[in-house]
Amino acid sequence: MRISVNDITVSYTDEGTNGAPALIFLHGFPLNKSMWNLQAKALEDDYRIIACDIRGHGNSGSGDQDFSIELFMSDLIALMDALNIRKTALCGLSMGGYIALRAVEDYPERFDALILSDTTCIADTSEAKEKRMKAIESIKKSGMEQYAGESIKNFFADESFTARVDEIAAVREMIVKTPEQSLSRTLLALSVRKETCSKLPAIKIPALILVGKEDKITPPSAAQFMHEKIKGSSLHIIEHAGHLSNLENPGEFNALLKKFMAVYKQTI
Ligand code: MLT
């Protein structure tokens, strides 16, 4: 489905049970909404499930504005307005988590549960910023296939390279299908994003924090830090998974998500 939001067209899915509590999924970089297919399937009997392509990714438009976490957040709020969703549970993985953390900080009244998966509240270090600039150069010079190959090495746990061959192929396709311009614009946006750690104690809604045991990009220590700062949050380290824990161990990921959502559902 497509809808006009801010200055772009957003591609999204809106499935599941009409009138049930809503759950919105935000994907990681440089992926798209299809990374949530297994979670949508697992939860659609009990919830209204929305997954959207973030600006510049999947089938959503890019627009002319400079990309930023704030712009992605503004697209999310505008999408919620357009879909008539006053309040929702929100689940973000990695970049999706950066957006989710910014959104619950700026619009606390719009969210009543938060799932943070393989993400962090810290801003880029100068070393991380430098890596992003090098990645922009390397995409220009060596192209998307090479960039996809390098990204995939870091995304998955070692064991996934034999156990999750189809998922790796799907992720490679998501990356190479992302327009080159979007990759560079998003890398810049990620490099200048602000920290959200100082705002974590203000989060008062139920929060579930998930992280793959072998996540090399946003490791379990980053999840532990957020868990300590968000009062009442629960933390689970997912076995047999790296950075893309929902794809690498969907069984454990979905069971934890379902359990969390069932408790949350009773409170609303
Ligand atoms: C992601 O999965 O969204 C990225 O790894 C985030 C990042 O590069 O900071």
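Structure: see above.
First, a word on scope: everything that follows refers to the structure included in this document. What you see as residue numbers is a count from 1 along each chain, following the sequence as written. Only residues with pLDDT of 70 or above have their local features reported here, since the model is predicted, and side-chain atom pairs are shown and tallied only from 80 upward, although totals for entire chains, interfaces and linings are computed over all residues. The side-chain numbers reported here are obtained from all heavy atoms of the structure, hydrogens and water having been left aside.

### Comments concerning the sheet that holds strand S8 (residues 234–238)
- Being paired, for any two strands, means DSSP has found at least two bridges between them. Helical segments are the DSSP runs of H or I of at least four residues, strand segments are the runs of E of at least two, and each set is numbered from the N terminus. On the basis of which strands lie adjacent, the open sheet formed by eight strands has the order S1-S2-S4-S3-S5-S6-S7-S8 and mixed pairing. Both edges of this open sheet fall to strand S1 (2–5) and S8, since each of them pairs with a single strand only. The mean angle between the axes of side-by-side strands here comes to 25°, regardless of whether they run parallel or antiparallel.
- Direction of pairing for S1 relative to strand S2 (residues 8–16): antiparallel, over a ladder of four bridges. Bridging from a neighbouring strand, Val5 pairs with Ile8 of S2. Fitted lines through C-alpha atoms serve as axes, helices being fitted only where they are in contact, and the angles separating the N-to-C directions of these axes extend from 0 to 180 degrees.

### Digging into the packing of helix H2 (residues 69–82) against helix H3 (residues 95–106)
- Where H2 meets H3, the closest approach of the two axes is 9 Å, and the angle between their N-to-C directions is 70°. When the axis of H2 is compared with that of H3, the two are roughly perpendicular. Every residue of H3 that contacts H2 at Ile69, Glu70, Phe72, Met73 and Leu76 is listed here: Met95, Tyr98, Ile99, Arg102, Ala103 and Asp106.
- Here the term charged refers only to Asp, Glu, Lys and Arg, the term nonpolar to Ala, Val, Leu, Ile, Met, Phe, Trp, Tyr, Cys and Pro, and the term polar to all other amino acids, Gly among them. Of the residues that constitute the contact of H2 with H3, the class distribution is eight nonpolar, no polar and three charged. Should an angle lie under 35 degrees it is considered roughly parallel, over 145 roughly antiparallel, and from 65 to 115 roughly perpendicular; all remaining angles are considered oblique. By definition, residues are in contact when any of their heavy atoms lie within 4.5 Å.

### Observations concerning the nonpolar core
- Counting residues in each nonpolar core, the largest one holds 90 residues, and the members touching the most others are Val171 and Met261.
- If you tally residues by element for this core, the top one is H2, at eight residues.
- The contact partners of Met261, leaving out residues within four places of it in the chain, are Leu23, Leu43, Tyr47, Ala89 and Ile115. As used in this record, nonpolar core signifies buried Ala, Val, Leu, Ile, Met, Phe, Trp, Tyr and Cys residues forming a set joined through side-chain atoms within 4.5 Å. Categorising residues by exposure relies on relative accessible area from a 1.4 Å probe, with only protein chains included: less than 20% of the type maximum marks a residue as buried, more than 50% marks it as exposed, and the intermediate range marks it as partly exposed.

### What to know about the side chain of Arg55
- Mapped onto the secondary structure, Arg55 falls in the loop between strand S4 (48–52) and H2.
- Residue classification places Arg55 among the buried positions, given a relative accessible area of 1%.
- Reaching out from Arg55, the side chain makes a polar contact with the side chain of Asp7 at a distance of 2.6 Å.
- Within the structure, the side chain of Arg55 is placed 2.8 Å from the side chain of Asp75, a separation counted as a polar contact.
- Discounting chain neighbours no more than four positions away, the residues touching Arg55 are Asn6, Asp7, Ile8, Ser60, Gly61, Ser62, Gly63, Gln65, Phe67, Leu71, Phe72 and Asp75. By the criterion applied in these results, polar contacts are pairs of N or O atoms within 3.5 Å in which, for protein atoms, one can donate a hydrogen and the other can accept it, and in which residues neighboring in sequence qualify only through two side-chain atoms.

### Focus on the pattern of salt bridges
- We count a salt bridge whenever a side-chain nitrogen from Lys or Arg sits within 4 Å of a carboxyl oxygen from Asp or Glu. Counted according to the given criterion, the structure contains 16 salt bridges.
- Lys33 is paired through a salt bridge with Asp53; the nearest N and O atoms lie 2.8 Å apart. Note that Lys33 is positioned in the loop between strand S3 (22–26) and helix H1 (37–43) and Asp53 in the loop between S4 and H2, a separation of 20 residues in sequence.
- A residue is classified by how much of its surface remains accessible, and Asp53, at 2% relative accessible area, is buried.
- Measuring nitrogen to oxygen at the nearest pair gives 3.6 Å for the salt bridge that ties Lys140 to Glu137. Of the two residues, Lys140 and Glu137 are both situated in helix H4 (residues 126–142); the distance of three residues between them amounts to about one turn of the helix.
- When its relative accessible area of 58% is taken as the criterion, Lys140 is described as exposed.

### Some remarks on the pairing of strand S6 (residues 111–117)
- Within S6, seven of the seven residues are buried, which leaves it mostly tucked inside the rest of the structure.
- As judged from the six bridges shared by strand S5 (residues 88–93) and S6, these two strands associate in the parallel manner. Bridging across to S6, Leu90 finds its partner in Leu114.
- As defined by bridge partners, S6 adjoins strand S7 (residues 207–212) across four bridges and the pair is classed as parallel.

### Side note on the packing of aromatic side chains
- Only centres within 6.5 Å qualify two rings of Phe, Tyr or Trp (six-membered ring in Trp) as a pair; their planes then separate them into stacked at under 30 degrees, edge-to-face at over 60, and tilted for everything else. Summed over all chains, the structure comprises four aromatic pairs.
- With a centroid separation of 5.5 Å and an interplanar angle of 65°, the aromatic rings of Phe67 and Phe72 are classed as edge-to-face.
- Exposure remark for Phe67: the relative accessible area of 7% places this residue in the buried category.
- Connected via pairs of aromatic rings, a cluster forms that spans Phe25, Trp36 and Phe253.

Shape is all these values report; function is a separate question.
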